[in-house]
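Structural features, examined
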Amino acid sequence: MLAPTFLTVLPDEAASIRLAVQLAQHCTQGVVYLVGDLGAGKTTLTRYWLQALGHQGNVKSPTYTLIEPYEIHGQPIYHFDLYRLNDPYELELMGIRDYLEQPNALLLIEWPSKGEPVVPSADLLIQLTVDGKQRHATMTAQSAYGEQVVQALQHAE
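Cut-offs used in this document
- Residues numbered from 1 in each chain as written.
- Predicted model: local features only at pLDDT ≥ 70, side-chain atom pairs only at ≥ 80, totals over all residues.
- Heavy atoms only, no water.
- Helix = DSSP H or I, 4+ residues; strand = E, 2+ residues; numbered from the N terminus.
- Expected span 1.5 Å × (residues − 1).
- Buried < 20%, exposed > 50% of the residue type's maximum accessible area, 1.4 Å probe, protein only.
- Contact = heavy atoms within 4.5 Å.
- Arc of directions from axis to C-beta.
- Polar contact = N/O pair within 3.5 Å; in protein donor to acceptor, adjacent residues only side chain to side chain.
- Phe/Tyr/Trp six-rings, centres within 6.5 Å; stacked < 30°, edge-to-face > 60°.
- Pairing = 2+ DSSP bridges.
- Axes fitted to C-alpha atoms, helices over the stretch in contact; angles between N-to-C directions.

With that settled, the discussion passes to helix H1 (residues 13-26). Helix length check: H1, at 14 residues, gives a terminal C-alpha distance of 20 Å against a target of 20 Å (1.5 Å per residue), a fit within 8%. Looking at H1, one finds that the buried residues are Ala15, Ser16, Leu19, Ala20, Gln22, Leu23 and Ala24. Looking at the buried positions of H1, the neighbouring elements they touch are strand E1 (5-10), helix H2 (42-53), strand E6 (124-131), strand E7 (134-141) and helix H5 (144-156).

So, in structure tokens, the structure goes:
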């Protein structure tokens, strides 16, 4: 059986913000993979998502730090960018297990393939692609929770 999928076109910044608001309403915990080429909008979508959840400060790209932790209304949120990861074992050295053990945490992971097999399985896969001037976002469920998120996004349209 095919995993439930939700596809949307992001022709402009306003559309990306709308998607982030929908994600903030329907996906507040679990593991989310953000996949796409450089410049596809992974960090930008994350920034809007965190702001929609209520984050007031800057949202920095964790390209060099590998992780940026947030706490929004008491909830732990971790934004990983594994692009510069040389070896998945580095995640063990930085204590990734501590982040994974946080109850109700939201883990947003860019470049998850660089962290395999250490990174946890995703609940939701968000694939961002660029076609000319438009971006496309495809959300694919990877777990029962991911299915709930995708169904909620489908009904929000």
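Further remarks concern H5. An ideal rise of 1.5 Å per residue puts 18 Å on 13 residues; H5 measures up with 19 Å between its terminal C-alpha atoms. Every buried residue of H5 is listed here: Gly146, Val149, Val150 and Leu153. Viewed along the axis of H5, the buried residues span an arc of 95 degrees, placing them on a single side of the element. In this structure, H5 carries Ala144, Gln148 and His155 as exposed residues pointing more than 90 degrees from its buried face. For H5, the secondary structure elements touched by its buried residues are E1, H1, E6 and E7. The N-terminus of H5 is capped by Ser143, whose side-chain oxygen sits 3.3 Å from the backbone nitrogen of Tyr145.

With that settled, the discussion passes to the packing of aromatic side chains. Taken as a whole, this structure holds three aromatic pairs when the rule is applied. Ring geometry for Phe80 against Tyr99: centres 5.8 Å apart, planes inclined by 90 degrees, an arrangement best described as edge-to-face. With Phe80 in strand E4 (residues 75-81) and Tyr99 in helix H4 (residues 96-100), this pair connects stretches of sequence that are 19 residues apart. Taken individually, Phe80 and Tyr99 each receive the classification buried, so the pair is uniform in this respect. An aromatic cluster is defined as three or more aromatic residues linked by ring pairs; in this entry it consists of Tyr78, Phe80 and Tyr99.

All right, on to the sheet that holds strand E3 (residues 67-72) then. Strand order in this open sheet of seven strands is E1-E7-E6-E2-E5-E4-E3, and the pairing throughout is mixed. One side of each edge strand has no neighbouring strand; the edge strands of this open sheet are E1 and E3. Neighbouring strand axes in the sheet, compared pairwise and without regard to direction, differ in orientation by 15 degrees on average. In terms of strand pairing, strand E2 (residues 30-35) meets strand E5 (residues 106-110) through five bridges, oriented parallel. Paired with Val32 across the strands is Leu108, a residue of E5. Where H1 meets the sheet, its contacts fall on E1, E6 and E7, and the angle it forms with E1 comes to roughly 150 degrees. Where H2 meets the sheet, it contacts E2, E3, E4, E5 and E6, and its direction lies at approximately 165 degrees from that of E5.

Remember, this is a structural readout, not a statement about activity or role.
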